[in-house]
Amino acid sequence: ALAGCLGGLIIGFLMLRNFNAPLSRLIKLIEEVGAGRLPEIRCGPSHDEIGYLTNCFSKMVTRLREQQDEVKRAQTQLELEATTDSLTGFYNRRYLYNLFPKIRSEAIRSDKNQTLIIVDIDHFKKVNDQFGHPTGDRVLLHFARVLRENCRVSDFLFRLGGEEFLVLTSGDNEGGMHVAEKIRTALEHDTYSDGERSIPVTASFGVAQAENADGVDGLSRMMQRADQALYSAKRSGRNRVVIWCPKRDIA
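Computed from a prediction, not measured in an experiment: that's the story for all the values here.

Thresholds applied
- Sequence positions are assigned chain by chain, starting from 1 and proceeding in written order.
- The predicted origin of the model limits local features to residues at a pLDDT of at least 70 and limits the giving and counting of side-chain atom pairs to 80 or more, whereas totals for whole chains, interfaces and linings rest on all residues.
- Hydrogens and water are ignored here; the side-chain numbers use all heavy atoms of the structure.
- Counting from the N terminus, the helices are the DSSP runs of H or I reaching at least four residues and the strands are the DSSP runs of E reaching at least two.
- The contact criterion used is simple: two residues touch if any of their non-hydrogen atoms lie within 4.5 Å.
- Whenever a nitrogen or oxygen atom comes within 3.5 Å of another N or O atom, the pair is scored as a polar contact, on the condition that within protein one atom can donate a hydrogen and the other can accept it, and that pairs from neighbouring residues in sequence are kept only if both atoms are in side chains.
- Think of a salt bridge as a Lys or Arg side-chain nitrogen and an Asp or Glu carboxyl oxygen that are within 4 Å of each other.
- With a 1.4 Å probe rolled over the protein chains alone, any residue whose accessible area is under 20% of its type maximum counts as buried; one over 50% counts as exposed, and the rest are partly exposed.
- We call Phe, Tyr and Trp rings a pair once their centres come within 6.5 Å, taking the six-membered ring for Trp, and we label the pair stacked below 30 degrees between planes, edge-to-face above 60, and tilted otherwise.
- Only lysine NZ and arginine CZ atoms are considered, and such an atom sits over a ring when it is within 6 Å of the ring centre and within 35 degrees of the ring normal.
- In this analysis, the protein atoms alone were mapped onto a 1 Å grid. Cavities are point sets where a 1.4 Å probe fits without being able to get out; pockets are open sets with protein on both sides within 12 Å along at least five of seven lines; lining residues have an atom within 4 Å of a point.
- Grid points are joined across faces, edges and corners, and a volume is the space filled by probe spheres set on the points.
- Under the scheme applied here, ten amino acids are nonpolar (Ala, Val, Leu, Ile, Met, Phe, Trp, Tyr, Cys and Pro), four are charged (Asp, Glu, Lys and Arg), and all others, including Gly, are polar.
- Residues belong to a common nonpolar core when they are buried Ala, Val, Leu, Ile, Met, Phe, Trp, Tyr or Cys residues joined through side-chain atoms within 4.5 Å.

Asker: Before we move on, can you summarise the environment of Gln209 with the specific residues and values?
Answerer: Note that Gln209 resides in strand 7 (residues 203-209). In this structure the C-alpha to C-alpha distance between Gln209 and Asn173, which are 36 residues apart in sequence, comes to 5.5 Å. With residues near it in sequence (within four places) discarded, Gln209 still touches Asn113, Gln114, Thr115, Asp172, Asn173, Asp214, Met222 and Arg225. Within the structure, Gln209 has its side chain in polar contact with the backbone nitrogen of Asn173 (distance 2.8 Å).

Here's what the structure looks like:
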């Protein structure tokens, strides 16, 4: 009788341990999910109700993880579309206004100067009118490639709209002039061709460096000065680089 009772106690203990362990594991998983974490859970053998519940819970958490990943991918795509130009992959005008104060603040703290270059493709409207917008888009991609290949990794590239682009680079007017002239020369010697036609592509450049009075909110003033230099480059015959100068008659 004593041996039978002892055997029954041992069996009961083992059954209780086998019941408590998976139950404790399931409770711990529920607490993790309740805390906002979605741990990876592998399904195991379901010999009893607890195993069955654990596997069901595992499948639910896996599905939640997949949905969470889908949401993150959608958010990343929306952020990309909100900050970049869909054709060239450059940053867009909206992001320029968001990003500039941060870049300018860092430059001021580091006691570094910055230069803004506005670029306009010469006679681009004629390309669209003569060859159509699909060819115009390919010319824009050609121009974007040349621009990217002749700028530094640290430079920021933006498409402001249409055939107008902007380069934000470090350094003063001379450094900006060097960057702009490098792009201009490369573009002049890299004619666009699609196998059916060749189209010479040139651009005009306006360069303006940051001034102490600009501060972190001086983007509009810098762009205005660079625009004035760009218009001077166009009036002077295009396919050239002009640095903004307060003494220059640009009216």
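Asker: Lay out the pattern of salt bridges in plain terms, naming residues and giving numbers.
Answerer: Under the defined criterion, the tally for this structure stands at 14 salt bridges. Between Arg145 and Glu149 there is a salt bridge, with the nearest N and O atoms lying 3.2 Å from each other. One end of the pair is Arg145 and the other is Glu149, both in helix 5 (residues 133-149) and four residues apart, which spans about a single turn. Residue classification places Glu149 among the exposed residues on the basis of a relative accessible area of 53%. The closest approach of N and O atoms between Asp194 and Arg197, which form a salt bridge, is 2.9 Å. Look at Asp194 and you get partly exposed, because its relative accessible area is 28%. Several salt bridges converge on common partners, so that one network encompasses Glu211, Asp214, Arg221 and Arg225.

Asker: Can you explain the packing of aromatic side chains? Please cite residues and give values.
Answerer: By the definition in use, this model includes four aromatic pairs. Plain terms: the ring middles of Tyr91 and Tyr95 are 4.8 Å apart, the flat faces sit at 45° to each other, and that makes the pair tilted. In this structure Tyr91 comes out as partly exposed when scored by relative accessible area, which is 29%. Using a relative accessible area of 23% as the deciding quantity, one classes Tyr95 as partly exposed. Here the aromatic rings of Tyr91 and Phe158 are separated by 5.5 Å at their centres, their planes lie at 40°, and the arrangement is tilted. One end of the pair, Tyr91, is in strand 1 (residues 91-92); the other, Phe158, is in strand 3 (residues 156-161), with 67 residues separating them in the sequence. Taking NZ or CZ as reference, Arg225 lies 5.6 Å from the ring centre of Trp244, over its face.

Asker: Can you explain the layout of surface pockets? Please cite residues and give values.
Answerer: As a volume, the largest pocket reaches approximately 190 Å³. Ile103, Ala107, Lys112, Gln114 and Ser170 are, among the 13 residues lining the largest pocket, the residues nearest its centre. When residues of the lining of the largest pocket are traced back to their parent elements, those giving at least two are helix 3 (93-109) and strand 4 (164-170). Of the residues contributing to the lining of the largest pocket, the split by class is four nonpolar, six polar and three charged.

Asker: Please provide a residue-by-residue account of the nonpolar core, values included.
Answerer: In this structure, Ile117, Phe143, Leu147, Phe165 and Phe205 are the most contacted members of the largest nonpolar core, which totals 27 residues. Of all the elements in the fold, those that place two or more residues in this core are strand 2 (114-121), helix 4 (124-131), helix 5, strand 4, helix 6 (173-188) and strand 7. In terms of residue count, the dominant contributor to this core is helix 5 (six residues). Beyond its immediate chain neighbours, meaning those up to four positions away, Phe143 contacts Val119, Ile121, Phe165, Leu187 and Ala203. In terms of nonpolar packing, the next biggest core, distinct from the first, is built from 21 residues, Phe100, Ala210, Met223 and Ala233 among them.

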